[in-house]
Amino acid sequence: VGEFARRLKPSLEVAMGLECADDTVLRQLNKRFQLRDYEEAANRLKHDGIAHRAFIMIQPPFVDPAQAQQSCMKTITYALDQGAAQLSLIPARPGAGALETLQAQGAFSPPTMHTIERCFEEGLNQAQGRLHIDTWDLHTFNPCSTCNQSRVDRLTQMNRLQTTLPAIHCPSCS
């Protein structure tokens, strides 16, 4: 793999679904790996000169919503410590059936727009230009019709600029 990677122009980047830097949550998600496995894979990629991107869930199942931002920041730090060249934040969202089942059992709730914004803001400051957020369907995380589009536009622009922008203050929901 290392020789193949060295011959590629531009360079190869491997995406890895880290999701959360918590072995208990990874086991509950049935990820079939532990953090030490992620570390070994990241070290092997680094040894072979291959960059890796970490996918991180914002408020995955089995994470208490009150701890979602702290969990996300812990995972960002962990991924950066393992040498991730890029980070992609994915707000956990229902839609394929499994999360709806977990939601009905009380093991999952989607993140709020506030949680998504705080994770991305704090993460941008920490990751220094190497963090992106999945903006697909972001409008579904905010029930406020007054500020919804402004919040989505702000996050989209932060993705492009790789810097935090002034927060949206909404008279209806803030």
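Residues numbered from 1 in each chain as written. Predicted model: local features only at pLDDT ≥ 70, side-chain atom pairs only at ≥ 80, totals over all residues. Heavy atoms only, no water.

Chemist: Please explain unusual backbone geometry as it appears in this structure.
Modeler: When glycine is set aside, most residues are seen to have a negative phi, and most peptide bonds are trans. Even without glycine at this site, Asn-30 takes up a positive phi of about 60°. In this structure, Asn-30 sits in the loop between helix H2 (23-28) and helix H3 (35-47). Located in the positive-phi region is Gln-162, a residue other than glycine, with phi close to 60°. Turning to its location among the elements, Gln-162 is positioned in the segment after helix H7 (148-161). (Helix = DSSP H or I, 4+ residues; strand = E, 2+ residues; numbered from the N terminus.)

Chemist: Explanation requested: the nonpolar core in the structure shown.
Modeler: A general feature of soluble globular proteins is that nonpolar side chains tend to end up buried together. Counting 35 residues, the largest nonpolar core has Tyr-38, Cys-72, Ile-76, Ala-79, Leu-87, Leu-89 and Phe-120 as the members making the most contacts within it. Taken together, the elements giving at least two residues each to this core come down to strand E1 (13-19), H3, strand E2 (51-58), helix H4 (68-81), strand E3 (86-91), helix H6 (113-127), strand E4 (131-133) and H7. Discounting chain neighbours no more than four positions away, the residues touching Leu-89 are Ile-56, Ile-58, Cys-72, Ile-76, Cys-119, Phe-120, Leu-131, His-132, Ile-133 and Asp-134. Grouped together as the second largest cluster of nonpolar side chains are six residues, Met-57, Ala-92, Leu-99 and Ala-107 included. (Core = buried A, V, L, I, M, F, W, Y, C linked by side-chain atoms within 4.5 Å. Buried < 20%, exposed > 50% of the residue type's maximum accessible area, 1.4 Å probe, protein only. Contact = heavy atoms within 4.5 Å.)

Chemist: I would appreciate a short explanation of the pairing of E2 in the present structure.
Modeler: As a general feature of sheets, a regular strand has side chains that alternate between the two faces. With six of its eight residues buried, E2 lies for the most part within the structure. Inspection of the sheet shows E1 paired to E2 by five bridges, in the parallel sense. The residue of E2 that forms the bridge with Met-16 is Ala-54. For E2 and E3, the ladder comprises six bridges, and the chain directions are parallel. Bridge assignment links Phe-55 to a residue of E3, and that residue is Ser-88. Handedness of the β-α-β unit built from E2, H4 and E3 comes out right-handed. (Pairing = 2+ DSSP bridges. Right-handed = clockwise from strand over helix to strand, strands pointing away.)

Chemist: Is there a simple way to explain the pattern of salt bridges in this structure?
Modeler: Pairing between side chains of opposite charge can happen when their charged atoms approach one another. A complete count under the given rule lists eight salt bridges for this structure. Across the salt bridge formed by Lys-31 and Glu-19, the nearest N and O atoms sit 3.0 Å from each other. Of this pair, Lys-31 sits in the loop between H2 and H3 while Glu-19 sits in strand E1; the two residues are 12 residues apart in sequence, bridging distant segments of the chain. With a relative accessible area of 26%, Lys-31 lands in the partly exposed category. For Glu-121, the salt bridge identified is with Arg-154, shortest N-O distance 2.4 Å. Taken as a pair, Glu-121 in helix H6 and Arg-154 in helix H7 lie far apart in primary sequence, 33 residues in all. The same class applies to Glu-121 as to Arg-154, namely buried. (Salt bridge = Lys/Arg side-chain N within 4 Å of Asp/Glu carboxyl O.)

Chemist: Before we go on, may I ask you to explain the packing of H6 against H7 in this structure?
Modeler: Two quantities define a packed helix pair, namely the angle between the helix axes and the distance between the axes. Running from N to C, H6 and H7 point in directions that differ by 20°, and their axes come no closer than 11 Å. As far as their axial angle goes, H7 and H6 are roughly parallel. Crossing hand, H6 versus H7: left-handed. Between H6, through Met-113, Ile-116, Glu-117, Phe-120, Glu-121 and Leu-124, and H7, the contact on the second element is made entirely by Asn-148, Arg-151, Val-152, Arg-154, Leu-155, Met-158 and Asn-159. Along the lines of polarity and charge, the residues of the contact of H6 with H7 split into seven nonpolar, two polar and four charged. (Axes fitted to C-alpha atoms, helices over the stretch in contact; angles between N-to-C directions. Parallel < 35°, antiparallel > 145°, perpendicular 65-115°, else oblique. Left-handed = near helix turned anticlockwise from the far one by under 90°. Nonpolar A, V, L, I, M, F, W, Y, C, P; charged D, E, K, R; others polar.)

Just geometry here; none of it tells us what the structure is for.
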